[in-house]
Amino acid sequence: MLTETFNIVGAQDGACGYGDLFKQGYALETAALSTALINDGAACGACFQLICVNSKCCRPAAGAIRITATNFCPPSSTSLNPWSNPPQKHFDLSQYMFLKFAIYQGGVVPVKFRRVRCLKQGGMKFQMNGNPYWILVLVYNVGGAGEVSNVKVKGSNTGWIKMQRDWGQNWLTGPGLVGQSLSFQVTANDGSTVDYDNIVPFNLGICA
């Protein structure tokens, strides 16, 4: 399968909600995905292997690169080269990653790509924001499938509560957890589920 890859400087923020990609551990080994690939944000965190093909701008014997989806590359109604418009399957790469398999003058090159397992170190991580009325949790550094398809939260005085995807990999729940330690249950898109018991101490970051 072919897609297009465009050479840009990597951004530190994005539609997946990861914030500073360097602090989150993704650095420049990332890409923004077109509408045909991002799946309304559900593909955030997915990992891909890309190989430059069928272009004189490919670096000889460069091999494959691996990236994590951390952003959305929106379609354009005005661009003369609408690489990210549906149904194009497009990866917007950091310049650092683009130059690993193509020369700078290429700008846009065809690639073959496939989904691969994500290789992450340090375990899954959670970043919390909230108040007595809502909790927003960013799930990141997810190994294996990479994509998170479902998140549940449990207070020390509640059962499991299904969280809603707010945007990207930010998951939202309402009131009722003030003053409780929190556990999370995370399900990836391959069906694997992991429980993280009492990882948020009593009342941390949730003020009454």
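Look a little higher up for the structure.
Since the structure is predicted, the reported quantities are computational estimates derived from the model, not experimental observations.

(A) The arrangement of the overall build of the protein in detail. Summing up its helical and strand segments, the protein has two helices and 14 strands in all. Expressed as a percentage of the 208 residues in the protein, the buried residues total 45%. Across the protein, the fraction of contacts at a sequence separation of at least 24, relative to all contacts at a separation of at least 6, is 68%.

(B) Fine view of the sheet that holds strand β12 (residues 170–173). With antiparallel pairing, the four strands of this open sheet are ordered in space as β7-β8-β12-β11. Single-partner strands in this sheet number two, and they are β7 (125–131) and β11 (164–167). For this sheet, the mean angle separating the axes of adjacent strands, direction not counted, is 30°. Alignment of β11 against β12, held across three bridges, turns out to be antiparallel. Within the sheet, the bridge partner assigned to Q164 lies in β12 and is L172.

(C) Main features of unusual backbone geometry. With an omega dihedral of 5°, the bond running from P86 to P87 counts as a cis peptide bond. Positionally, P87 belongs in the loop between β4 (65–72) and β5 (90–94). A positive phi is found at N39, a non-glycine position, where the angle reads about 55°. The partly exposed category is assigned to N39, whose relative accessible area is 48%.

(D) The sheet that holds strand β13 (residues 182–188), seen in detail. Taken in spatial order, the four strands line up as β10-β9-β13-β14 in an open sheet, and their pairing is antiparallel. Each edge of the open sheet carries a strand with a single partner, namely β10 (160–162) and β14 (193–200). Neighbouring strand axes in the sheet, compared pairwise and without regard to direction, differ in orientation by 25° on average. Pairing analysis gives three bridges linking strand β9 (residues 148–155) to β10, with the strands arranged antiparallel. Residue V153 lies in a different strand from β10, and its bridge partner there is I161.

(E) Expanded view of the pairing of strand β3 (residues 47–52). Along β3, five of the six residues are buried, which leaves the element largely enclosed by surrounding structure. Summarising the sheet, β3 and β4 pair through four bridges and their orientation is antiparallel. In the strand pairing of β4, F48 is matched with I67. As paired strands, β3 and strand β6 (residues 108–116) are joined by six bridges and run antiparallel to one another. Each bridged residue has a counterpart across the sheet, and for F48 the counterpart in β6 is R115.

Cut-offs used in this document
Residues numbered from 1 in each chain as written. Predicted model: local features only at pLDDT ≥ 70, side-chain atom pairs only at ≥ 80, totals over all residues. Heavy atoms only, no water. Helix = DSSP H or I, 4+ residues; strand = E, 2+ residues; numbered from the N terminus. Buried < 20%, exposed > 50% of the residue type's maximum accessible area, 1.4 Å probe, protein only. Contact = heavy atoms within 4.5 Å. Pairing = 2+ DSSP bridges. Axes fitted to C-alpha atoms, helices over the stretch in contact; angles between N-to-C directions.

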